[in-house]
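Geometric and topological summary
Take a look at the letters that make up each chain.
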Amino acid sequence: MKNVKAVVFDMDGVIFDSEKGCLDIWMELARENNLSNMEEVFKKCIGTTVVKTTQILKDNYGEDFDVESFQSEASRRFHERYDEGRLPVLPGAREILKYLKEENYIIGLASSTKEATVKQQLSDAKLISYFDYITCGDMLKVSKPAPDIYLLACKNLKVSPEEAIAIEDSYNGIRSAHAAGMIPIMVPDLIDADEEMKELSFGIYDNLFEVIEFFKTIR
């Protein structure tokens, strides 16, 4: 672990408490449209691509389900509620970024979310200056669980995957980082770690404050 040079964060569910906000909105829409099992369906979509999310929704609510309208209204409500710096930052996120910067780690971000949204949300929260490079979903043809986004993030940060820790909350994020040859650390948000995650992750922590303590043990 002494050769670790970089730390690459996922964003939703790691830096921002956005997944909880999104779930609340999906549940609102489910109640308004009499859609059952929405929380279970939502959790299946965490860390997946837009294409995969579309298929999950159609698998559960029928091929005629208007995914585009559902997603459009969910997005409208989300931005109305959380734009302009109102998106909650998860406990420990500011602290770990400050700590890693002070310890001279290279800091990156690998998010499946599109670049414009990522940069706007990080800017609104006054966190963007911590990141040496930001890699986003619309920079690639495939996203998590494929390793591509993390391989690109390491390339952008000019480190090898073995020299980088990835901090993730989702199953697909951990799968992606592991497949890239990085050191995955899981901080579960809405979904607890299962046996697969325990096997693929170097460590699993309850919150980012615990991750700071981990970093103190390797320096």
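Residues numbered from 1 in each chain as written. Predicted model: local features only at pLDDT ≥ 70, side-chain atom pairs only at ≥ 80, totals over all residues. Heavy atoms only, no water.

Once that is clear, we can look at the sheet that holds strand S5 (residues 183-186). Strand pairing in a sheet takes place through backbone hydrogen bonds and is either antiparallel or parallel in direction. Taken together, six strands build an open sheet; the order of strands is S3-S2-S1-S4-S5-S6 and the sheet is parallel. Across the chains shown, the open sheet's two edge strands, defined by having one partner strand only, are strand S3 (133-136) and strand S6 (203-204). Judged from the four bridges that link them, strand S1 (residues 6-9) and strand S2 (residues 106-111) form a sheet pairing that is parallel. Along S2, the bridge assignment pairs valine 7 with isoleucine 107. Along the sheet, helix H6 (residues 115-124) makes contact with S2 and S3, crossing S3 at roughly 140°. Helix H8 (residues 171-179) contacts strand S4 (164-168) and S5 of the sheet and is inclined by roughly 165° relative to S5. (Pairing = 2+ DSSP bridges. Helix = DSSP H or I, 4+ residues; strand = E, 2+ residues; numbered from the N terminus. Contact = heavy atoms within 4.5 Å. Axes fitted to C-alpha atoms, helices over the stretch in contact; angles between N-to-C directions.)

It is characteristic of soluble globular proteins that their nonpolar side chains tend to be buried jointly. In this structure, Phe9, Ile15, Ile96, Leu122, Ile167 and Phe215 are the most contacted members of the largest nonpolar core, which totals 55 residues. What phenylalanine 9 contacts, discounting residues up to four positions off in sequence, is Val14, Ile15, Ile96, Leu97, Leu100, Ile107, Gly108, Leu109, Ala110, Phe131 and Ile167. Residues Val8, Tyr150, Cys154 and Met182 belong to the second largest nonpolar core, which totals 14 residues. (Core = buried A, V, L, I, M, F, W, Y, C linked by side-chain atoms within 4.5 Å. Buried < 20%, exposed > 50% of the residue type's maximum accessible area, 1.4 Å probe, protein only.)

Bringing the side chain of asparagine 172 into the picture now. Inspection of the secondary structure puts asparagine 172 in helix H8. Side chain to side chain, asparagine 172 and arginine 175 meet in a polar contact 2.8 Å long. Those residues in contact with asparagine 172 that sit more than four places away from it in its chain are Ile46, Gly47, Thr48, Lys144 and Pro145. (Polar contact = N/O pair within 3.5 Å; in protein donor to acceptor, adjacent residues only side chain to side chain.)

Let's shift gears to the packing of aromatic side chains. Across all of its chains, the model carries 10 aromatic pairs by this definition. Look at phenylalanine 65 and phenylalanine 70: their rings are 5.6 Å apart centre to centre, the planes differ by 55°, and that puts the pair in the tilted class. By the burial criterion, phenylalanine 65 is buried, and phenylalanine 70 matches it. Arranged with centres 5.0 Å apart and planes meeting at 50°, the rings of phenylalanine 78 and tyrosine 82 form a pair that is tilted. Remark: tyrosine 82 and phenylalanine 78 occur in helix H4 (residues 67-82); sequence separation between them is four residues, near one turn of the helix. In this structure an aromatic cluster arises from ring pairing among Trp26, Phe42, Tyr61, Phe65 and Phe70. (Phe/Tyr/Trp six-rings, centres within 6.5 Å; stacked < 30°, edge-to-face > 60°.)

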